[in-house]
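# A structural walkthrough
Spelled out from the first residue to the last, the chains are:
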Amino acid sequence: MFAEINHNSRAHRFETKVDGVPCVLDYTLESGVMTITHTIVPSAVGGRGIASNLVRTALDMAREEHWKVDPACSYSEIWMTRHPEYQDLHV
């Protein structure tokens with residue numbers, strides 16, 4: 001089971017804590033395009049699918065909001081390539 005992910009719209013960030021360790025996905029939003037700039041999961045809690053869950057949550061919100069997505073962070077780019085069901089969001 002994954003920890004709850006919160007959307008901090010003011011900070012343009014998706015956030016969660018796992019075992020007390022903060023994990024985040026940062027993005028910018030301009031003209032209906034969400035640019036994912038960073039996905040940060042410290043090694044202390046890595047390897048648990050946290051980054052994947054952060055990206056999926058961000059992309060699901062982008063779909064709900066009718067935004068396109070520019071996966072500028074390398075992790076999000078690879079993730080989108082591996083999940084063709086989200087290719088319609090890719091700019």
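Residues numbered from 1 in each chain as written. Predicted model: local features only at pLDDT ≥ 70, side-chain atom pairs only at ≥ 80, totals over all residues. Heavy atoms only, no water.

### Quick look at the sheet that holds strand E3 (residues 21–30)
We apply this condition: Strands were regarded as paired on the criterion that DSSP finds at least two bridges between them. Each helix corresponds to a stretch of at least 4 residues labelled H or I by DSSP, and each strand to a stretch of at least 2 residues labelled E; elements are numbered beginning at the N terminus. Each axis is a line fitted through C-alpha atoms, taken for helices only over the stretch in contact, and angles between the N-to-C directions span 0 to 180 degrees. In what follows, residue pairs with any heavy atoms lying within 4.5 Å of each other are defined as contacts.
Taken together, five strands build an open sheet; the order of strands is E1-E2-E3-E4-E5 and the sheet is mixed. Only two strands of the sheet have a single partner each, and these edge strands are strand E1 (6–8) and strand E5 (68–70). For this sheet, the mean inter-axis angle between neighbouring strands, taken without regard to orientation, is 30°. Sitting on the sheet, helix H1 (residues 50–65) is in contact with E1, strand E2 (13–18), E3, strand E4 (33–40) and E5, with an inclination near 150° to E2.

### Structural notes on the nonpolar core
The tendency in soluble globular proteins is for nonpolar side chains to be buried as a group. Condition: Only buried residues count toward a nonpolar core. Its members are Ala, Val, Leu, Ile, Met, Phe, Trp, Tyr and Cys residues joined through side-chain atoms within 4.5 Å. Burial here depends on accessible area, computed with a 1.4 Å probe over protein chains only, as a share of the maximum for the residue type. Under 20% is buried, over 50% is exposed, and the range in between is partly exposed.
Formed by 24 residues in total, the largest nonpolar core has its most connected members in Phe14, Leu25, Met34, Leu59 and Val69. Taken together, the elements giving at least two residues each to this core come down to E2, E3, E4, H1 and helix H2 (74–82). Per-element tally for this core: the top contributor is H1, with seven residues. Those residues in contact with Met34 that sit more than four places away from it in its chain are Phe14, Tyr27, Thr28, Leu29, Ala58, Ala62, Trp67, Lys68, Val69 and Asp70.

### A look at the UniProt feature "domain: N-acetyltransferase" (unreviewed entry) in the chain
For clarity, the threshold we go by: UniProt positions are given in the numbering used here, feature names are shortened, and annotations may be inferred rather than shown by experiment.
The feature "domain: N-acetyltransferase" (unreviewed entry), as given by UniProt, occupies residues 6–91 in the numbering adopted here. For residues 6–91, helix accounts for 29% and strand for 35%, while the C-alpha atoms at its two ends are 25 Å apart.

### Here we look at the pairing of E4
Examined bridge by bridge, E3 and E4 share seven bridges and lie antiparallel to one another. By the bridge assignment for E4, Thr28 is matched with Thr35. Where E3 folds back on E4, the antiparallel hairpin that results is connected by two residues, among which Ser31 adopts a positive phi of roughly 50°. Direction of pairing for E4 relative to E5: parallel, over a ladder of three bridges. When the sheet's bridge partners are listed, Thr35 is paired in E5 with Asp70.

### Here's the deal with the side chain of Thr35
Counting through the fold element by element, Thr35 comes out in strand E4. Since its relative accessible area comes to 17%, Thr35 is described here as buried. When residues no more than four places from it in sequence are discounted, the contact partners of Thr35 are Asp26, Tyr27, Thr28, Asp70 and Ala72.

### Some thoughts on the packing of aromatic side chains
Think of a pair of aromatic rings as described by two things: how far the centres are apart, and how the planes are tilted against each other in angle. To be explicit about the condition: Between 30 and 60 degrees the pair is tilted, below 30 it is stacked and above 60 it is edge-to-face, where a pair is any two Phe, Tyr or Trp rings, Trp via its six-membered ring, whose centres lie within 6.5 Å.
Applying the stated criterion across every chain, the model contains two aromatic pairs. Ring geometry for Phe14 versus Tyr27: centroids 5.7 Å apart, planes at 40°, classification tilted. Of the two residues, Phe14 sits in strand E2 while Tyr27 sits in strand E3, which places them 13 residues apart along the sequence. On the basis of an interplanar angle of 55° and a centroid distance of 5.3 Å, the ring pair of Trp79 and Tyr86 is categorised as tilted. No difference in accessibility class separates Trp79 from Tyr86, as the two residues are buried.

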